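Here is what each chain is made of, one letter per residue.
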Amino acid sequence: MRTTVGIVGAGPAGLLLARLLHRAGVETAVLESRDRRHVERRQRAGILEQGTVDVLRAAGAGERMDREGLRHDGIELRYAGTRHRVDFPALTGGRSVMAYAQTEVCKDLIALRLADGGPLLFEGEALAVDGADTDRPRVRFRHRGAEDVLECDYVVGCDGSWGVTRRAVPAALSRVFEQTYPFGWLGVLADAPPSHDELVYARHDRGFALLSLRSPSVSRLYLQVPAGTDADSWDDGAIWDELERRVEAAGAPPLTRGPISQKSVTPMRSSVHEPMRYGRLYLAGDAAHIVPPTGAKGLNLAVGDVVTFARALVHRRETGSDALLDGYSATCLRRVWQAQRFSADLTALLHRAPDAPPFEDRLQHARLERLTSCRAAATDLAEGYTGLPF
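Residues numbered from 1 in each chain as written. Predicted model: local features only at pLDDT ≥ 70, side-chain atom pairs only at ≥ 80, totals over all residues. Heavy atoms only, no water.

**Focus: the overall build of the chain**
Secondary structure summary: the chain contains 13 helices and 20 strands in total. Computed over C-alpha atoms, the radius of gyration of the chain comes to 21 Å, within 12% of the 21 Å expected from 2.2 N^0.38 for 390 residues, which places it in the range of a compact globule. By its C-alpha atoms, the chain is 60 × 40 × 40 Å across when sized along the principal axes. In the chain, which comprises 390 residues, the share counted as buried stands at 55%. Long-range pairs, those at least 24 residues apart, make up 71% of the contacts in the chain with a sequence separation of at least 6. Of the accessible surface of the chain, which amounts to about 16,600 Å², a share of 49% is contributed by carbon and sulfur atoms. Computed over 50 positive and 51 negative side-chain charges, the inter-centroid distance for the chain is 1 Å. (Helix = DSSP H or I, 4+ residues; strand = E, 2+ residues; numbered from the N terminus. Rg over C-alpha atoms; globule rule 2.2 N^0.38 Å. Buried < 20%, exposed > 50% of the residue type's maximum accessible area, 1.4 Å probe, protein only. Contact = heavy atoms within 4.5 Å. Areas by Shrake-Rupley, 256 points an atom, 1.4 Å probe, with all protein chains shown as cover. Lys, Arg positive; Asp, Glu negative; His and termini not counted. Charge placed at Lys NZ, Arg CZ, Asp CG, Glu CD.)

As structure tokens, this is what we get:
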């Protein structure tokens, strides 16, 4: 096979990049190791920044999102039995976020890709990237039991932190910055209407809790739990009771309970791989960086990466200059590290470490009081949450 841009991974990053380049007249081929059903069902992020929403609309992928997604103009912070709303548009000049699940984004982009007619090989397992430092990189892959080679001008790795594309960057040139947290998130999907029309972030002495949603009839809920917790060790009643304790606040309505259809534990970690480019191989999304889910940055960072690459490639075609392609890693990393800062700060603000001394508890309360009483502090949160411009 021969194409201009070989894309490894058909998550939202790879699929969106294929769509952006198709509209720019650039040939692509997408390899995805899992089947279509898996891609369209795996639960991941659910909050889209303003910039992500704008990009999906501009790419012609926003019709169902605008019809079924839920715009959020703020979040509610709860601590010490109190409730405080952060108004995003008032603090950011009109920016907001959209609740629309990653699974739905993938469904929309897959439908568009199939309509566009470009190669999209599900169960096409990338085995290795060869010649990344040449002008003819190659992706060796297996599809339907047969091995083949995808010859490209460029390769973009959107295959996650354990994929093959990152391993194509020589170890001597790679640096990985990591932080692991001593807790995780027990996340559940419940067939229950959301208990609040915006996301609720709760800091409690028993641990963090988050009330989120996927639709007007499905809630997405999270509890901070010790690292290594088995999701099956929590029965449904215990989950609901613990959520009730942690989000309790004066004047807050009771939780709307319902059957829990899915539950899992997400580890909390941060990771950045530098550089994000080696020769004609470009890393995007989880292949280059992981953020804790507190700030809802993972999918949105991936969108920023592929927008940056698409712009750089179009710039080269129009001007003959490789300047933006050469600057891809530095450009993306500036945004990545700001998102890491925001996510780490929000995680530290709302989660109670297992061995936290009383002094740290008091500092958390002082930070929350500052955030909920100072417009400048609230603006910093609102700008970070709704996202930096691409």
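**Quick look at the packing of helix α9 (residues 298–319) against helix α11 (residues 328–350)**
At their nearest, the axes of α9 and α11 sit 10 Å apart, and the two run at 160 degrees to each other. The angle between α9 and α11 places the two elements in the roughly antiparallel class. In this structure, α9 crosses over α11, and the sense of that crossing is right-handed. The residues of α11 that touch α9, namely those facing Asn 300, Leu 301, Gly 304, Asp 305, Thr 308 and Phe 309, are Tyr 328, Thr 331, Cys 332, Arg 335, Val 336 and Ala 339. For the contact of α9 with α11, the class distribution of residues is six nonpolar, four polar and two charged. (Axes fitted to C-alpha atoms, helices over the stretch in contact; angles between N-to-C directions. Parallel < 35°, antiparallel > 145°, perpendicular 65-115°, else oblique. Left-handed = near helix turned anticlockwise from the far one by under 90°. Nonpolar A, V, L, I, M, F, W, Y, C, P; charged D, E, K, R; others polar.)

**Observations regarding the nonpolar core**
Ranked by internal contacts, the top residues of the largest apolar core, which has 73 residues, are Val 5, Leu 16, Leu 48, Val 139 and Phe 309. A per-element tally of this core places α9 first, with 10 residues. Not counting chain neighbours up to four residues away, the residues in contact with Leu 16 comprise Val 55, Leu 56, Ala 59, Leu 109, Val 303 and Val 306. Tyr 222, Ala 296, Leu 346 and Leu 371 belong to the second largest nonpolar core, which has 30 residues in total. (Core = buried A, V, L, I, M, F, W, Y, C linked by side-chain atoms within 4.5 Å.)

**Considering the packing of aromatic side chains**
Taken as a whole and judged by the stated rule, the model has 13 aromatic pairs. Look at Trp 185 and Phe 208: their rings are 5.3 Å apart centre to centre, the planes differ by 20 degrees, and that puts the pair in the stacked class. Remark: Phe 208 occurs in the loop between β14 (199–203) and β15 (209–215) and Trp 185 occurs in strand β13 (residues 175–190); sequence separation between them is 23 residues. Here Trp 185 and Phe 208 have matching classes, each one buried. Relative to Tyr 222, the ring of Trp 185 lies with its centre 4.7 Å away and its plane at 45 degrees, an arrangement referred to as tilted. With Trp 185 in strand β13 and Tyr 222 in strand β16 (residues 218–226), this residue pair connects regions lying 37 residues apart in the sequence. Each of the two residues, Trp 185 as well as Tyr 222, counts as buried. The ring of Tyr 154 has Arg 280 lying over it, and the distance from NZ or CZ to the ring centre is 4.7 Å. The ring of Tyr 385 has Lys 297 sitting right over it, with the charged end atom 5.8 Å from the ring centre. (Phe/Tyr/Trp six-rings, centres within 6.5 Å; stacked < 30°, edge-to-face > 60°. Lys NZ or Arg CZ within 6 Å of the ring centre and 35° of its normal.)

**Focus on the pairing of strand β5 (residues 74–79)**
In terms of residue burial, β5 counts as a mostly covered element, since six of its six residues are buried. Alternating residues of β5 divide into Gly 74, Glu 76 and Arg 78 and Ile 75, Leu 77 and Tyr 79, and every residue in both groups is buried. Bridging between β5 and strand β6 (residues 82–87) involves six bridges; their strand directions are antiparallel. Of the residues in β6, the one forming a bridge with Tyr 79 is Thr 82. Once β5 ends, the chain turns through two residues before running back antiparallel as β6, passing Ala 80 with a positive phi of about 50 degrees. The pairing of β5 with β14 spans five bridges and is parallel. If you follow Leu 77 over to β14, its bridge partner there is Tyr 201. (Pairing = 2+ DSSP bridges.)

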